[in-house]
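Overview (structure and organization)
Given next are the chains, with one letter for each unit.
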Amino acid sequence: MSKGGFTKTGLDRLRDVLARHVDSGRIPGVVALVSRGEETHVETLGTMRHDGGPPMRRDTIFRMASTSKPVAHAAAMVLLDECRLRLDDTVEEWLPELAGRRVLTRIDGPLDDTVPARRPITVRDVLTSTFGLGMDMTALGTPIMNAVFEQGLTPNLPVEMPEPDEWMRRLGTLPLMYQPGERWQYQISHDLLGVLVARVTGRTYEAFLRERVFGPLGMTDTGFHVPAEKIDRLPALYAPDPQTGEFHVWDEARDGRWSRPPAFQGGGGGLVSTADDYHAYFRMLLNGGVHEGERILSRPAVELMTTNRLTPEQQAARHAMAVDNVHVSFGQGQHGGWGLGMAVRTYRGDYAPIGQFGWDGGSGTSTYADPVTGVTGILLTQVGASVPDPIRLMHDFWTTLYQAID
């Protein structure tokens, strides 16, 4: 791995590309952090609101959405390191609601047309997002997906998720979509993981993350809500109209969803954070689990997280979701593999090398690092993926960043 940084020409181009998106009026403001070796470079452009307001700053706090996943997963890795969890233990001891699962005979079938699960759900199934239930954008309108929404099991709905025990009770009323371990599926496993961590440790998910991950890394602005004294640093989150592009506020800072502690601390999409906090986390992963001389995770735990964990069969479903639905994903998700809590590139599909790891968020956040070049990139805005603009911003950021390497 080179210890070099970036070219001045490349960084100038990066700023120009970001400015083009902000100047278009489609992205109110953006914070971007890039680092390589000992060099760190930050760009802040635009404003906190679509109609102006204070400028974006380096310490602006963002709703991280699905980029919560790579960070929140670290709590489970601590428990694996300490042998308080084992990969192939069944989860029923801590999650009895998931005992005696039944599985749909077909994905679009009625909820009572089921067969018994071939085996119990394991910790590995939950960590790899293959436990049998998840958000499937290709199955919208089916009875099982309708039931997932009706039960309030996902964070993207107008209603907020219930507290963890009630969430588990509701989850336990549904059949699985696939047999345990059969297929990669999105989202629900990450929220389930938070409940698992809390029950194993006897503490809230956030308290354990704060003690073992956020605190040691100096991630002082990371959590599941923004306290009142910091709320001025949180921009509005917009979900523009897909037809007209008109800006609508999905979540206000004051009195919004993240202005108070949530009933459910969701590892799938609940974190708020800053560019510097996330930088500390991803640099720790690049450094094999060590931050400023302190070991946060073991090297094998980091390697497990940041290399592909999916079999070809499990991977086929994930790959098909990415490449056969580009009209929905805007080209997002074309990495091939999935580690634990994050995507891992298993083929060269764009400018990023094989081995790059991280993930994107539906609120306009993108966070990756790669051990090949030593690059870390954090791109943060608050425009939801109801329109392609924030995803195109991400693609342009990474395309330009990889050209800026010295």
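A brief structural summary. (Residues numbered from 1 in each chain as written. Predicted model: local features only at pLDDT ≥ 70, side-chain atom pairs only at ≥ 80, totals over all residues. Heavy atoms only, no water.)

**Observations concerning the packing of helix α3 (residues 74–81) against helix α8 (residues 205–217)**
- At their nearest, the axes of α3 and α8 sit 9 Å apart, and the two run at 70° to each other. Here α3 lies roughly perpendicular to α8, going by the angle between them. Considering only the axes of α3 and α8, their crossing is left-handed. Here α3 contributes Ala 74, Ala 75, Val 78 and Leu 79 to the contact with α8, which in turn contributes Tyr 205, Phe 208, Leu 209, Arg 212 and Val 213.
- Residue classes in the contact of α3 with α8 are distributed as eight nonpolar, no polar and one charged. (Axes fitted to C-alpha atoms, helices over the stretch in contact; angles between N-to-C directions. Helix = DSSP H or I, 4+ residues; strand = E, 2+ residues; numbered from the N terminus. Parallel < 35°, antiparallel > 145°, perpendicular 65-115°, else oblique. Left-handed = near helix turned anticlockwise from the far one by under 90°. Contact = heavy atoms within 4.5 Å. Nonpolar A, V, L, I, M, F, W, Y, C, P; charged D, E, K, R; others polar.)

**Examining the side chain of Gln 315**
- By secondary structure assignment, the location of Gln 315 is in helix α11 (residues 312–323).
- In contact with Gln 315, other than residues within four places in its own chain, are Asn 308, Leu 310, Gly 336, Gly 337 and Thr 346.

**Section: the pattern of salt bridges**
- Counted according to the given criterion, the structure contains 26 salt bridges.
- The salt bridge involving Asp 51 is made with Arg 49; its shortest N-O contact spans 3.5 Å.
- As a salt-bridge pair, Arg 233 and Asp 59 come within 3.6 Å of each other at their nearest N and O atoms. Taken together, the residues span a long stretch of sequence, with Arg 233 in the loop between α8 and β7 (237–238) and Asp 59 in the loop between β3 (52–55) and β4 (62–63) at a distance of 174 residues.
- The buried category is assigned to Arg 233, whose relative accessible area is 18%.
- Here the residues in one salt-bridge network are Arg 57, Asp 59, Asp 221, Lys 230 and Arg 233, joined through shared partners. (Salt bridge = Lys/Arg side-chain N within 4 Å of Asp/Glu carboxyl O. Buried < 20%, exposed > 50% of the residue type's maximum accessible area, 1.4 Å probe, protein only.)

**Quick look at a nonpolar patch on the surface**
- Taken together, Met 137, Leu 140 and Val 328 make up a surface patch of nonpolar side chains, about 280 Å² in accessible area.
- Inspection of the secondary structure assignment puts Leu 140 in the loop between α4 (123–127) and α5 (143–150).
- Given the relative accessible area of 46%, Leu 140 is considered partly exposed. (Patch = residues over 30% accessible without salt bridge, like charges linked within 9 Å, V, L, I, M, F, W, Y side chains within 5 Å. Areas by Shrake-Rupley, 256 points an atom, 1.4 Å probe, with all protein chains shown as cover.)

**Digging into the layout of surface pockets**
- There is about 270 Å³ of room inside the second largest pocket.
- Along the walls of the second largest pocket sit 20 residues, with Gly 331, His 335, Arg 345, Asp 350 and His 395 positioned nearest its centre.
- Residue contributions to the lining of the second largest pocket peak at six residues, all from helix α13 (residues 389–403).
- Of the residues assigned to the lining of the second largest pocket, the class counts are eight nonpolar, nine polar and three charged. (1 Å grid on protein atoms, 1.4 Å probe; cavity = no way out; pocket = protein on both sides within 12 Å on 5 of 7 lines; lining within 4 Å. Points joined across faces, edges and corners; volume = space filled by probe spheres on them.)

**Structural notes on the packing of aromatic side chains**
- Taken as a whole and assessed by the stated rule, the structure comprises 13 aromatic pairs.
- When the ring of Trp 184 is compared with that of Tyr 186, the centres are 5.9 Å apart and the planes differ by 35°; the resulting orientation is tilted.
- Between Tyr 186 and Trp 359, the ring centres sit 5.9 Å apart and the planes meet at 65°, which makes this aromatic pair edge-to-face. On the criterion of sequence distance, the pair formed by Tyr 186 in the loop between α6 (164–172) and α7 (188–201) and Trp 359 in strand β14 (residues 357–361) is long-range, its members being 173 residues apart.
- In this structure Tyr 186 comes out as buried when scored by relative accessible area, which is 17%.
- On the accessibility criterion, Trp 359 (7% relative accessible area) is buried.
- Through a chain of ring-to-ring contacts, the aromatic side chains of Trp 184, Tyr 186, Trp 338 and Trp 359 assemble into a single cluster. (Phe/Tyr/Trp six-rings, centres within 6.5 Å; stacked < 30°, edge-to-face > 60°.)

**Considerations on the environment of His 50**
- Looking at the element boundaries, His 50 is found in the loop between β2 (39–49) and β3.
- A sequence separation of 205 residues divides His 50 from Asp 255, and the C-alpha atoms of the two residues are 19 Å apart.
- Excluding residues within four positions of it along the chain, His 50 makes contact with Gly 25, Pro 28, Tyr 238 and Phe 247.

**A closer look at unusual backbone geometry**
- Positioned with a positive phi, Cys 83 is a non-glycine residue whose angle comes to about 60°.
- Residue placement: Cys 83 occurs in the loop between α3 and β5 (102–104).
- Even without a glycine there, the phi angle at Ser 129 is positive, about 65°.
- Tracing the backbone shows Ser 129 in the loop between α4 and α5.
- Classification of Ser 129 by relative accessible area gives buried; the value is 2%.

**Details of the side chain of Thr 400**
- Looking at the secondary structure, you find Thr 400 in helix α13.
- By relative accessible area, which is 5% here, Thr 400 ends up buried.
- From its side chain, Thr 400 meets the backbone oxygen of Asp 396 in a polar contact 2.6 Å long.
- Setting aside chain neighbours within four positions, we find Thr 400 in contact with Gly 10, Arg 13, Leu 14 and Val 17. (Polar contact = N/O pair within 3.5 Å; in protein donor to acceptor, adjacent residues only side chain to side chain.)

**A look at the sheet that holds strand β16 (residues 375–380)**
- In space, the eight strands of this open sheet follow the order β3-β2-β1-β16-β15-β14-β13-β12, with antiparallel pairing throughout. Every other strand in the sheet has two partners, leaving β3 and β12 (336–338) as the edge strands with one partner each. Shown here is a sheet whose adjacent strand axes are inclined to one another by a mean of 20°, direction ignored.
- Sheet analysis places β12 next to strand β13 (residues 343–345), joined by three bridges and oriented antiparallel. Residue Trp 338 lies in a different strand from β13, and its bridge partner there is Ala 343.
- Set on the sheet, helix α9 (residues 275–286) makes contact with β1 (29–36), β2, β14, β15 (365–369) and β16; between it and β16 the angle comes to about 155°.
- Each of β12, β13 and β14 touches α11; the most contacted strand, β12, lies at about 115° to it. (Pairing = 2+ DSSP bridges.)

**Quick notes on empty space enclosed by the protein**
- Under the defined criterion, the tally for this structure stands at one cavity of 30 Å³ or more.
- Approximately 30 Å³ is the volume attributed to the largest cavity.
- Contributing to the lining of the largest cavity are Pro 28, Gly 29, Met 48, Met 56, Pro 235, Ala 236, Tyr 238, Thr 381 and Gln 382.

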